[in-house]
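Descriptive analysis of the structure
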Amino acid sequence: MTILRAIIGTFLLLLIAVPVATAQDETGTHPLFEMLARVPDTAEGRGGVMMYADIRAAEVARGLPAFTSHEVWNAAEVLGAQRLWLFSLPHTLPQDFAQQFFIVVDEMPRLLGFEIFDIDRTMTFNNPPSVGNIIQGRFDADAIDAALLARDYTRGGFGDVLLWCGPDGCDSGLNVDIAGREPGNPFGGNLGRVEPFSLLDGYFLNSADFAVLEQIADAALDRRPSLSDAPDYRAAAQAITQRGLLRGAMFVNPLEAFGANPFADLLSISGLTEEQIAALQAQFGLDDESFVPVGLAAELVVIADLAFPHESQGRQSATIGLVYRDEDTANAALEELTARLAEPLPSLAFGDGDVTIQDLIDSRNATLQPPRLFNATEDGRVVLLLEMNGDLIRGNAENDDGFVIQSGLLFRLWQDMFFRRDLLWLA
């Protein structure tokens, strides 16, 4: 009993000692911009779906302490709080972090020299297998060095840049070796890859593709432009960091979000009948050449997971942002989207044409706010924002069946609709 009380006391002290996270760090710059400063403005940097996750913001939003060590994790097990922490995590974390979590917790220190609790934020970009990873946290270079050298890595680098490559060289990170799988290593270990790593200014950098890792390092060292210099990404980041806590976000090119001709294959990708598709085409003006693009007229699409824990009731917001080059294009898109939302929009992925987008929003006990414009400071860029708001999930909140509710379910709805091509009404 004395040990149990000591563990609980330690956990409570850690809870009291954790500072409240703010929208900005001590430099006055939101962490999202710091991460973007390390993403190269190249075809690879803009490739695929870029995912940003802030574990520290997610903890504050849920009302939890910062899980920054195994000590906190073990104390949380006694109090039954481990599940709450897992349910608080952003839906934009790297895939292997979630799928192999319990193996990663045990094996990551041996394999990489740091633990998952040392990580504050993550950024992933580009398409597999050349995904780039930018990890911000608290890293001990000596511990990383010892762990990697014990696995036959070689150390290199220049100046303040540390570089580790596998025994077969820096260019061998894409090689798959199923017999050598290490699921506890979330950076290619599940495929037996021996990927290169770098440590620079407190950021752990990685890609199986060494050329991509070089691009990340060059961007971090200001040797090439980064996405923090790009007006479209800066405008999107400004729009989603003005208020609240940013738990996570995803960025994608409109052509990847909607396709070059998103309505051409409606019959094959949806459960709608030909009659329902014809009605949808008429609703959007596709049958009389009066179609006004919304998402397809944008430069960039961003979907953000925001929390407002300091409001009296607590609020969460899943916000879609569309970045436009000029005010005229943004105003035309705003007018068109407002008109579309005035009529029922059928879901293409849920039900058989009998489920509307509003039904999906209602199922989350959420409300859709009227679309609005945000004027960024970057070259006249304007961002159209569409917000879905609901009550913030805090503490051990449960549903009617007595199960703990996962955080960020409003964002998860937009995210699922994106991957299931159910956002075509936004094109």
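Before going into details, it helps to say that this report is about the structure given with it. (Residues numbered from 1 in each chain as written. Predicted model: local features only at pLDDT ≥ 70, side-chain atom pairs only at ≥ 80, totals over all residues. Heavy atoms only, no water.)

**Quick word on the overall build of the chain**
The criterion, for reference: Secondary structure follows DSSP: runs of H or I at least 4 residues long count as helices, runs of E at least 2 residues long count as strands, and numbering of each begins at the N terminus. Note on classification: 1.4 Å probe, protein chains only; a residue is buried when its accessible area is under 20% of the maximum for its type, exposed when over 50%, partly exposed between these limits. By definition, residues are in contact when any of their heavy atoms lie within 4.5 Å. Accessible areas in this description were obtained via Shrake-Rupley with a 1.4 Å probe; residue shielding takes into account the shown protein chains only.
In terms of helices and strands, the chain carries 16 helices and 13 strands. Taken over 427 residues, the chain has a buried fraction of 54%. Taking all contacts inside the chain whose residues are at least 6 apart in sequence as the whole, residues at least 24 apart take part in 70%. Counting every atom, the chain has about 18500 Å² of accessible surface; 50% of that belongs to carbon and sulfur.

**Quick word on the pairing of strand β12 (residues 372-375)**
Using the following cut-off: Each pair of strands is called paired provided DSSP finds at least two bridges between the two strands.
Two elements, β12 and strand β13 (residues 382-391), share four bridges in a ladder whose sense is antiparallel. From the neighbouring strand, F374 faces β13, where its bridge partner is V383. Connecting the antiparallel pair β12 and β13 is a turn made up of six residues, with D379 showing a positive phi of about 50 degrees.

**With respect to the pattern of salt bridges**
Test applied: Whenever Lys or Arg places a side-chain nitrogen within 4 Å of a carboxyl oxygen from Asp or Glu, that contact is recorded as a salt bridge.
The final tally for this structure, using the stated rule, is 20 salt bridges. With a shortest N-O distance of 3.0 Å, D120 and R138 are connected by a salt bridge. Taken together, the residues span a long stretch of sequence, with D120 in strand β2 (residues 119-125) and R138 in the loop between β3 (132-137) and α8 (141-149) at a distance of 18 residues. Of the residues examined, D120 reaches a relative accessible area of 10% and is grouped as buried. R138 sits in the partly exposed class, given a relative accessible area of 35%. Here E311 and R315 are joined by a salt bridge, their closest N and O atoms 2.9 Å apart.

**Looking at the state of the cysteines**
In plain terms, the rule: What counts as a disulfide here is a pair of cysteine sulfur atoms lying within 2.5 Å.
Enumeration according to the criterion identifies one disulfide in this entry. Through a disulfide, C165 is tied to C170; the S-S separation comes to 1.9 Å. A torsion of 90 degrees about the S-S bond marks the disulfide between C165 and C170 as right-handed. The buried category is assigned to C165, whose relative accessible area is 3%.

**Here we look at helix α16 (residues 409-419)**
Along α16, the residues that are buried comprise L410, F411, L413, W414, Q415, M417 and F418. R421 sits one or two positions beyond α16 and adopts a positive phi of about 55 degrees.

**With respect to a negative patch on the surface**
Our working definition: For patches, a residue must show more than 30% relative accessible area and have no salt bridge; joins then use 9 Å for like charges and 5 Å for nonpolar side chains, namely Val, Leu, Ile, Met, Phe, Trp and Tyr. Only four residue types enter the tally: Lys and Arg on the positive side, Asp and Glu on the negative side, with His and both chain ends excluded. Here the site of a charge means atom NZ of a Lys, CZ of an Arg, CG of an Asp or CD of a Glu.
A cluster of like negative charges, contributed by D352, D354, D359 and D362, occupies part of the molecular surface. Mapped onto the elements, D359 comes out in helix α15 (residues 357-363). Residue D359 is classed as partly exposed on the basis of its relative accessible area of 36%.

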